[in-house]
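# Structural features, examined
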Amino acid sequence: MMITVRAPDGGDPGVDDLIQAAADGARGRSRLAAEPEPLTAADILLLTGTVRYNLADHERSLADFEDALALLEPRHEVATGELARVHWELGRHAKRQGRPDEMLAHVRRAVELNERWNAPSNERLRARISLGEALLHVDRDEAEAVFRALVEEIRASELKDTVRHINALNGLSIAMSGPGKDPRARLPIQEERLRIARLIYHDDGGGLTHTLSDVTHTFRQLGMLERAEALARESVAVADRTRQNPVMFQGMSRCTLGLVLLQQGRQAEALEVLGRSDELLQQGGENHISRERCSTSLAYAAAAAGHYPRALEALAISQQLLALNKRQRHPDAVAACGLAATVAVRRGAYREASATLQGCAPDDPAKAPLPWQLAQAELLLVQSDAAAAGPLLADLRGQHAPAANQREWMRPWMLSAWQARLSGDAAGDGSLRQALGGFATIEPLAGCLAAPAAETCLALP
């Protein structure tokens, strides 16, 4: 199929003109060429769909792949490889659109089809990696099994220390994270990711800054804060050099650094870094759900500094991101709502705090995220209902024991000290201090223990 292409104004064609002409020709819409046979047409649409996807022309890319699928399905016996590729590409579209079930169906089909022909190992692995990614949304145990098998296979192949290798490790890291998972088990995976990232990515590459930021969270979770800060700062430095989506990477890397600084109790520094992160992410129009944690963390840092209007602005962004990503009832949304109520308590707006908590109350308040339950306890204390706050705070202390290089555990213990003072419970206060041991000297907990009151015990650690 040969076509002479001109731009709409009769001049030399651009890339879009060439792609459109090829796609029109594949669909038999060109007056300048005969309609191609179906398999040739499908091959052309596979090509134009892929190019359009890479150019972020997602709507027309999807249409190309859907038309290619319609041409290939009736001919699956003679076009198995092409059909596998179309299903994989449609899986990419479903992932981008946030349709995990649809993604899973397409990539499962791609994996099955690749078993029916002599697919190159790179294509087989690509489809299986996508299968693992889709399973992360529906069955993390199965996803972990898929990624473990992939990692072992890749380590013994010619694709060791390649992008496929690090992609499989990325998926395994995610599958091994979450509630009930021991972050220590991920440390060898994170070290391997770092090694490969430094090997295969340029020192100004987006892949390197992403990997550095991502592994930082495991070290943060384990309280390895010096290592976490070093990795986060390295990620910022790489992001500041990159030309690959620089604004997004600069914003997200600073978000990661801000989280580390917050965990170290360096709130003023965290507020500055997270504020810059927020500016960059807004500038880049970034609406990915990963930005929500950045906005909520900025709100926390602002609230800790007493900048309540700034905290509320950041929480409004968080709520917008949650709504855009259809997560209004997600635990992250309940946590952000709890932080909003905490800000209201500190502003003396108790009715507002109560209404906020009621508006996002989960079905089982005992299983609500910590920020929501803490706001509930704060509201009880400021409204002089220390007796009702006692059992709630006892449960929270049981779930959040003191831990080195962590800070979120402090709030239930600080509120408990205030609750004991309000209740006149000298024995409870003594037991509390004994249980804290050496942790009692850490600020702002130490200030709360020295003089339990709203001013000292509502401080955000």
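The sections below set out a description of the structure shown in this document. Nothing here was measured: the structure is a model prediction, and the numbers come from that model.

Okay, helix α21 (residues 426-436) next. When we look at burial in α21, the residues that qualify are Asp429, Leu432 and Leu436. Projected onto a plane normal to the axis of α21, the buried residues spread over an arc of 60° and lie on a single side. In α21, the exposed residues that point more than 90 degrees away from the buried face are Ala426, Ala427 and Gln434. Summarising the contacts, the buried residues of α21 are in contact with α19 (386-399), α20 (410-423) and α22 (445-450).

Turning our attention to the side chain of threonine 80. Structurally, the position occupied by threonine 80 is in helix α4 (residues 80-96). Judged by relative accessible area, threonine 80 falls into the buried class, the value being 11%. In contact with threonine 80, not counting residues within four places along its chain, are Leu113, Arg116 and Trp117.

Per the stated rule, a full pass over the model turns up 30 salt bridges. For the salt bridge of glutamate 102 with arginine 99, the shortest nitrogen-to-oxygen distance reads 3.6 Å. For glutamate 102, a relative accessible area of 33% corresponds to the partly exposed category. With a closest N to O distance of 3.3 Å, arginine 124 and glutamate 115 form a salt bridge. Its relative accessible area of 23% is what places arginine 124 among the partly exposed residues. One connected set of salt bridges, linked through shared partners, spans Arg52, Asp57, Arg60 and Asp64.

Our next topic: the packing of aromatic side chains. Scanning all chains against the criterion turns up one aromatic pair. A centroid spacing of 5.5 Å and a plane angle of 75° characterise the contact between tryptophan 409 and phenylalanine 439, whose relative ring orientation is edge-to-face. Here the residue tryptophan 409 occupies a position in the loop between α19 and α20, and phenylalanine 439 occupies one in the loop between α21 and α22, the gap between them amounting to 30 residues. Accessibility expressed as a relative area gives 2% for tryptophan 409, which makes it buried. Looking at arginine 126, its charged tip hangs above the ring of tryptophan 88, at a distance of 3.7 Å from the centre. The cationic tip of arginine 397 hangs over the ring face of tryptophan 413; the distance from NZ or CZ to the ring centre is 5.7 Å.

Moving on to unusual backbone geometry. Most of the time, phi is negative for any residue but glycine, and the peptide bond is trans. Here the residue pair glutamate 443 and proline 444 is connected by a cis peptide bond, since its omega of 5° sits within 30 degrees of zero. By secondary structure assignment, the location of proline 444 is in the loop between α21 and α22. At lysine 326, a residue that is not glycine, the phi angle is positive and equals roughly 55°. For lysine 326, the location among the structural elements is in the loop between α15 (308-324) and α16 (331-346).

Residues separated by three or four positions in an α-helix point in the same direction, a consequence of the helix having 3.6 residues per turn. Given a rise of 1.5 Å per residue, 18 residues ought to cover 26 Å, and the 26 Å separating the end C-alpha atoms of helix α12 (residues 246-263) matches this to within 8%. Burial of α12 is extensive: 15 of the 18 residues sit out of reach of the surface. Following α12 by one or two positions, glycine 265 has its phi on the positive side, about 80°.

So, about the environment of arginine 407. Among the structural elements, arginine 407 can be located in the loop between α19 and α20. It is 9.9 Å that separates the C-alpha atoms of arginine 407 and glutamate 443, two residues lying 36 residues apart in sequence. When residues no more than four places from it in sequence are discounted, the contact partners of arginine 407 are Leu262, Gln263, Gln264, Gly265, Ile442, Glu443, Pro444 and Pro461. Polar side-chain contacts of arginine 407 include one of 3.0 Å to the backbone oxygen of glutamate 443.

This part takes up the packing of α20 against α21. Where α20 contacts α21, the axes come no closer than 9 Å and their chain directions differ by 155°. Here α20 lies roughly antiparallel to α21, going by the angle between them. Judged by the sense of rotation from one axis to the other, the crossing of α20 with α21 is left-handed. On α21, the residues touching Trp413, Ser416, Ala417 and Ala420 of α20 are Asp429, Leu432, Ala435 and Leu436.

Counting 62 residues, the largest nonpolar core has Leu150 and Leu315 as its most contacted members. What leucine 315 contacts, discounting residues up to four positions off in sequence, is Ala299, Ala336, Leu339, Ala340 and Val343.

A few words now on the packing of helix α6 (residues 121-135) against helix α8 (residues 163-175). As a packed pair, α6 and α8 sit with axes 10 Å apart at the nearest point and diverge in direction by 20°. Judged by the inter-axis angle, α6 sits roughly parallel to α8. In this structure, α6 crosses over α8, and the sense of that crossing is left-handed. Within the contact between the two elements, α6 uses Asn122, Leu125, Arg126 and Ile129 and α8 uses Arg164, Asn167 and Ala168. Residues belonging to the contact of α6 with α8 are distributed by class as follows: three nonpolar, two polar and two charged.

Cut-offs applied
- Residues numbered from 1 in each chain as written.
- Predicted model: local features only at pLDDT ≥ 70, side-chain atom pairs only at ≥ 80, totals over all residues.
- Heavy atoms only, no water.
- Buried < 20%, exposed > 50% of the residue type's maximum accessible area, 1.4 Å probe, protein only.
- Helix = DSSP H or I, 4+ residues; strand = E, 2+ residues; numbered from the N terminus.
- Arc of directions from axis to C-beta.
- Contact = heavy atoms within 4.5 Å.
- Salt bridge = Lys/Arg side-chain N within 4 Å of Asp/Glu carboxyl O.
- Phe/Tyr/Trp six-rings, centres within 6.5 Å; stacked < 30°, edge-to-face > 60°.
- Lys NZ or Arg CZ within 6 Å of the ring centre and 35° of its normal.
- Expected span 1.5 Å × (residues − 1).
- Polar contact = N/O pair within 3.5 Å; in protein donor to acceptor, adjacent residues only side chain to side chain.
- Axes fitted to C-alpha atoms, helices over the stretch in contact; angles between N-to-C directions.
- Parallel < 35°, antiparallel > 145°, perpendicular 65-115°, else oblique.
- Left-handed = near helix turned anticlockwise from the far one by under 90°.
- Core = buried A, V, L, I, M, F, W, Y, C linked by side-chain atoms within 4.5 Å.
- Nonpolar A, V, L, I, M, F, W, Y, C, P; charged D, E, K, R; others polar.

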